[in-house]
Amino acid sequence: MAWLMLPHGIMDGNALSPLDASFLYFERPNQLMHVGCVGLLDGPPVFEAFVAAFATRLAGLERYHERPRRPVLDLGAPRWERDSHFEVRHHVRRVGVPAPGGDAELHALIDALFVTPFDPEHPLWEVYLIEGLTGGRAAFLWKVHHCMIDGVSGAQVLELLADPLPGAPAPAAPAPTAAAGLAARLRALADPSAVAARARDALHAAGIVAMLVREPISRLPFNGPLSDARRITWAAFSLEDFLALRGAAGCKVNDVVLAVITGALRRYLIRHGVRPEGLGVRALIPVNVRADHEHLKLGNRVSAMLATLPVGIADPVERLRTVGAHLRALKEAGQPQATGLLLELAGRLPTPLGALVARMAPAQPFLNLVCTNVPGPQEPRTLLGRRLLEVHPIVPLFEGMGLGFAILSYAGQLSIGLNADPSLVPDVGELRDALVETEAELRMALAVGPTAAGTPALRVPAVGDLMTAKVVTLAPRDSLGKAWRLMQHHRIRHLPVVDPTGRLVGLVTHRDLLAASASSFAVPTPDDRVRLLGWRSAADVMETHVSVAAADAPAAEAGQRMARQKIGCLPVVDEAGRVTGIVTEEDFLRWATERMTEAGGARLAG
């Protein structure tokens, strides 16, 4: 995938980074570089208010008012230019779904709208309010050119546009600044040992990419020349079920998601007469490298892991364990960091050479597909008073890969979005059904039942009665060495990871640190093992799909979830997602012990 050679670099404010520019260079009539999402609403908002909301809430994001301009013959970097004729109504539109307004009609409309090219004379984004769905529902399709955003920044913009439920405080949106990140990079450049380490990492990454380019991939039915048509669908799951599967298997939610995708691909290949034994599906897995100070900073800030999905494994539990072990090995080998560094160095290619590489990119990729996973808002949101019921992400197709997966969690739901070229995947609905079948198969194998609806829970005590209010936290870029020292000092096993506003973005556990630390056989002294942890950050190992609780929620329900998911804590958050406490197994034990002591005292007094 040749765009891996064109990453971000240090650019002036108006020039596109090399990675952002690469998505312009690679655009072709059959390869539109659109990302996006579909949102389902419980009713249609007033269109005039819908237009005004986008005009108002995007007013502070200059990129949504600018268009990219490429110089003649690409002799310089493309630059952002203000659209002097910007009119929000050019970008926010209204459309009715054909009768009878069911799912089939909605998907057909989305397929047609998503492949419509952008007008290059205006900013490269569009939103369609879709009315006329059955049950009084409405939807919106939001598509944005990949040169403007990646998945994480897209999710942040979605949070900016959608409101918390009535009565909940709106989350703070810190202004993006670059000073902190630039200072950190300059300090790193001044450290000779850091420079040497980065050089070693670059050589390591170059070796990885060179090996993958030389090694042929399996020829699969969904790999081949792309047409200009797309079929977009999704499978929606309970995030609670994936958290329970994670707990039962002792892994990450992302491991579970990729194992479900792997199992679905296995089913699909078998149904199409392809024997999966011995096959490996090579997937690009983008890794977010956005720093704390880059909230709402648009553009692409990613590295990548290049993973092999084991479609040849029939047993669902063994498949999950293999996926988890493989991803851990890639992380422990430093592949995301090394690949990111290689991308940064390659981004210093002269602009004409970078554009030439893009235009000469071969149609045959060294990857089979893309799987991108982004955590979205975990609290329910509204849009102009209409409840946002579901959000489903869309990833573009690229260079001979006729199938892509995008994963996004929102308000207790996890969506796996599929984008397929119908000339290569004529029956994408079959693959969607295979995702559902595989998830159910994994739940059965791990003895994890589906989420029970309407399970009665005791109303007293509340989580706030048990929780610890004084919470020790980490920032995403804090080192694992710091995490280890905090756990040792405070005698705790869980550290919520928060952004600069205090909003929860992940969780690091004692088990994560043990998995990330060097073996005692390889590094015998504890001090040296802790020192090596200093090279990795919380963002490298944290779980981003975190089960949380509200302070006024029933403690019994929280305890039931902890037992089902096999987890030792629940961060307690307010309506804006800010951490206000944490409830742990020890808190439940302490509360139960106090109640038993009180009961014993009462019996003695009686």
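Remember, it's a predicted structure, so these values are computed and weren't measured experimentally.

*Asks:* Explain the overall build of the chain to me, using residue names and the numbers behind them.
*Replies:* Summing up its helical and strand segments, the chain has 19 helices and 19 strands in all. Pairs at least 24 apart in sequence give 75% of the contacts found in the chain among residues at least 6 apart. If you sum the accessible surface of the chain, you get close to 25,500 Å²; carbon and sulfur atoms cover 60% of it.

*Asks:* Describe the nonpolar core, and please don't skip the residues or the numbers.
*Replies:* Ranked by internal contacts, the top residues of the largest apolar core, which has 53 residues, are Ile261, Leu265, Leu369, Leu403, Phe405, Ile416 and Leu435. In terms of residues, this core owes the most to one element, helix α8 (residues 253–271), which gives 11 residues. Setting aside its immediate chain neighbours within four residues, Leu403 contacts Phe222, Leu265, Asn368, Leu369, Val370, Leu397, Asn419, Ala420, Val425 and Leu431. Listed in part, the 51 residues of the second largest apolar core include Leu16, Val92, Val127 and Trp142.

*Asks:* An account of the packing of helix α7 (residues 239–249) against α8 is requested, with residue identities and associated values reported.
*Replies:* In a pair of packed helices, the angle between the axes and the distance between the axes together describe the arrangement. As a packed pair, α7 and α8 sit with axes 9 Å apart at the nearest point and diverge in direction by 105°. Put simply, α7 runs roughly perpendicular to α8. For the pair α7 and α8, contact is made by Phe242, Leu243, Leu245 and Arg246 and by Val253, Val256, Val257 and Val260, respectively.

*Asks:* Describe in detail the pairing of strand β19 (residues 579–584), supporting the description with residues and values.
*Replies:* The element β19 is extensively covered by neighbouring structure, given that five of its six residues are classed as buried. Note that strand β18 (residues 569–573) and β19 share five bridges and pair antiparallel. By the bridge assignment, Pro571 is partnered in β19 with Ile582. Counted along the chain from β18 to the antiparallel partner β19, the turn is five residues long, and its residue Gly577 has a positive phi close to 85°.

*Asks:* Any chance you could break down the packing of aromatic side chains for me, citing the residues and the numbers?
*Replies:* Across all of its chains, the model carries seven aromatic pairs by this definition. A centroid spacing of 6.5 Å and a plane angle of 20° characterise the contact between Phe54 and Trp125, whose relative ring orientation is stacked. In this pair, Phe54 is assigned in helix α2 (residues 47–57) and Trp125 in strand β5 (residues 125–131), connecting sequence segments 71 residues apart. This pair shows no difference in class: Phe54 is buried, exactly as Trp125 is. Centre to centre, the rings of Tyr64 and Trp142 are 6.4 Å apart; their planes meet at 55°, and the pair counts as tilted. Residue Tyr64 is located in the loop between α2 and β2 (66–69), and its partner Trp142 is located in strand β6 (residues 138–145); the two are separated by 78 residues in the primary sequence. For Tyr64, a relative accessible area of 0% corresponds to the buried category.

*Asks:* Run through the confidence of the model for the chain, naming residues and quoting values.
*Replies:* Interpretation of the predicted coordinates at a detailed level should be avoided for regions scoring low in pLDDT. Scored by pLDDT, the chain has a mean of 81; 75% of the residues are at 70 or more. Note that pLDDT drops below 50 for residues 1–11; the model gives that stretch 55 contacts with residues more than four away or on any other chain. Scored below 50 in pLDDT, residues 170–190 shows 28 contacts in the model against residues more than four places distant or in partner chains.

*Asks:* I'd like a rundown of empty space enclosed by the protein, residues and numbers included.
*Replies:* One simple way to see leftover space: roll a probe sized like a water molecule over the atoms. Inspection of the entire model under this criterion finds three cavities of 30 Å³ or more. Taken as a whole, the largest cavity encloses approximately 70 Å³ of empty space. Taken together, Pro29, Asn30, Gln31, Leu32, His34, Phe114, Val115, Asp228, Arg230, Pro396, Leu397 and Asn419 form the lining of the largest cavity. Of the residues belonging to the lining of the largest cavity, the class tally is six nonpolar, four polar and two charged. The computed volume of the second largest cavity comes to approximately 50 Å³.

*Asks:* Describe helix α9 (residues 316–332), naming the residues involved and giving the relevant values.
*Replies:* Counted at 1.5 Å a residue, the expected span for α9 with its 17 residues is 24 Å, and the 24 Å between its end C-alpha atoms agrees. Along α9, the residues that are buried comprise Pro316, Val317, Arg319, Leu320, Val323, Gly324, Leu327 and Leu330. All buried residues of α9 fall inside an arc of 165° around its axis, so they share one side. Sitting at the head of α9, Asp315 places a side-chain oxygen 3.2 Å from the backbone nitrogen of Val317.

*Asks:* An account of the sheet that holds strand β1 (residues 34–41) is needed here, citing residue identities and associated values.
*Replies:* Strands sit in the order β4-β5-β6-β1-β13-β12-β7 across an open sheet of seven strands; the sheet is mixed. Both edges of this open sheet fall to β4 (92–96) and β7 (163–164), since each of them pairs with a single strand only. Two elements, β5 and β6, share six bridges in a ladder whose sense is antiparallel. Paired with Leu129 across the bridge in β6 is Phe140.

*Asks:* Let's hear about the packing of α7 against helix α18 (residues 555–565): which residues, and what values?
*Replies:* Two elements in contact, α7 and α18, have axes whose closest approach is 7 Å; the angle formed by their N-to-C orientations is 50°. As far as their axial angle goes, α18 and α7 are oblique. Where α7 approaches α18, its residues Glu240, Asp241, Leu243, Ala244, Arg246, Gly247 and Ala248 are matched on the opposing element by Arg561, Arg564 and Gln565.

*Asks:* Before we move on, could you go through the pattern of salt bridges and cite the residues and values that matter?
*Replies:* Applying the stated criterion across every chain yields a total of 33 salt bridges. Residue Arg266 is joined to Glu277 by a salt bridge in which the shortest nitrogen-to-oxygen separation is 3.6 Å. Taken as a pair, Arg266 in helix α8 and Glu277 in the loop between α8 and β9 (281–288) lie far apart in primary sequence, 11 residues in all. With a shortest N-O distance of 3.3 Å, Lys482 and Asp478 are connected by a salt bridge. Its relative accessible area of 34% is what places Lys482 among the partly exposed residues. Relative accessible area serves as the criterion here: at 18%, Asp478 is assigned to the buried category.

*Asks:* Could you give an account of a nonpolar patch on the surface, with specific residues and numbers?
*Replies:* Together, Val72, Leu73 and Leu75 give the surface a local cluster of nonpolar side chains, amounting to about 370 Å² of exposed area. Structurally, Leu75 can be placed in the loop between β2 and β3 (79–82).

*Asks:* Quick rundown of the environment of Met305? Include the residues and the values.
*Replies:* Following the sequence through the fold, Met305 ends up in strand β10 (residues 302–309). Separated by 19 residues in sequence, Met305 and Pro286 have C-alpha atoms that sit 6.3 Å apart.

*Asks:* Tell me about the side chain of Asp255, and name the residues and values.
*Replies:* Assignment of secondary structure puts Asp255 in helix α8. Notably, Asp255 is buried but unbridged: the nearest opposite-charge side chain belongs to Arg328, and the N-O separation is 4.6 Å. Asp255 has contacts with Leu320, Val323, Gly324 and Leu327, leaving out every residue within four places of it along the chain.

*Asks:* Tell me about the side chain of His494, residues and numbers included.
*Replies:* Tracing the sequence through the fold places His494 in strand β16 (residues 494–498). In this structure His494 comes out as buried when scored by relative accessible area, which is 9%. Contact partners of His494, with chain neighbours within four places excluded, come to Met487, Leu507, Val508, Thr509, Gly568, Cys569, Ile582 and Thr584.

*Asks:* Outline the environment of Ser537, supporting the account with residue identities and numerical values.
*Replies:* Looking at the element boundaries, Ser537 is found in the loop between α16 (526–533) and α17 (538–541). Given a relative accessible area of 10%, Ser537 falls into the buried group. With residues near it in sequence (within four places) discarded, Ser537 still touches Pro476, Arg477, Asp478, Ser479 and Leu480.

Parameters and conventions
Residues numbered from 1 in each chain as written. Predicted model: local features only at pLDDT ≥ 70, side-chain atom pairs only at ≥ 80, totals over all residues. Heavy atoms only, no water. Helix = DSSP H or I, 4+ residues; strand = E, 2+ residues; numbered from the N terminus. Contact = heavy atoms within 4.5 Å. Areas by Shrake-Rupley, 256 points an atom, 1.4 Å probe, with all protein chains shown as cover. Core = buried A, V, L, I, M, F, W, Y, C linked by side-chain atoms within 4.5 Å. Buried < 20%, exposed > 50% of the residue type's maximum accessible area, 1.4 Å probe, protein only. Axes fitted to C-alpha atoms, helices over the stretch in contact; angles between N-to-C directions. Parallel < 35°, antiparallel > 145°, perpendicular 65-115°, else oblique. Pairing = 2+ DSSP bridges. Phe/Tyr/Trp six-rings, centres within 6.5 Å; stacked < 30°, edge-to-face > 60°. pLDDT = per-residue confidence, 0-100. 1 Å grid on protein atoms, 1.4 Å probe; cavity = no way out; pocket = protein on both sides within 12 Å on 5 of 7 lines; lining within 4 Å. Points joined across faces, edges and corners; volume = space filled by probe spheres on them. Nonpolar A, V, L, I, M, F, W, Y, C, P; charged D, E, K, R; others polar. Expected span 1.5 Å × (residues − 1). Arc of directions from axis to C-beta. Polar contact = N/O pair within 3.5 Å; in protein donor to acceptor, adjacent residues only side chain to side chain. Salt bridge = Lys/Arg side-chain N within 4 Å of Asp/Glu carboxyl O. Patch = residues over 30% accessible without salt bridge, like charges linked within 9 Å, V, L, I, M, F, W, Y side chains within 5 Å. Lys, Arg positive; Asp, Glu negative; His and termini not counted.

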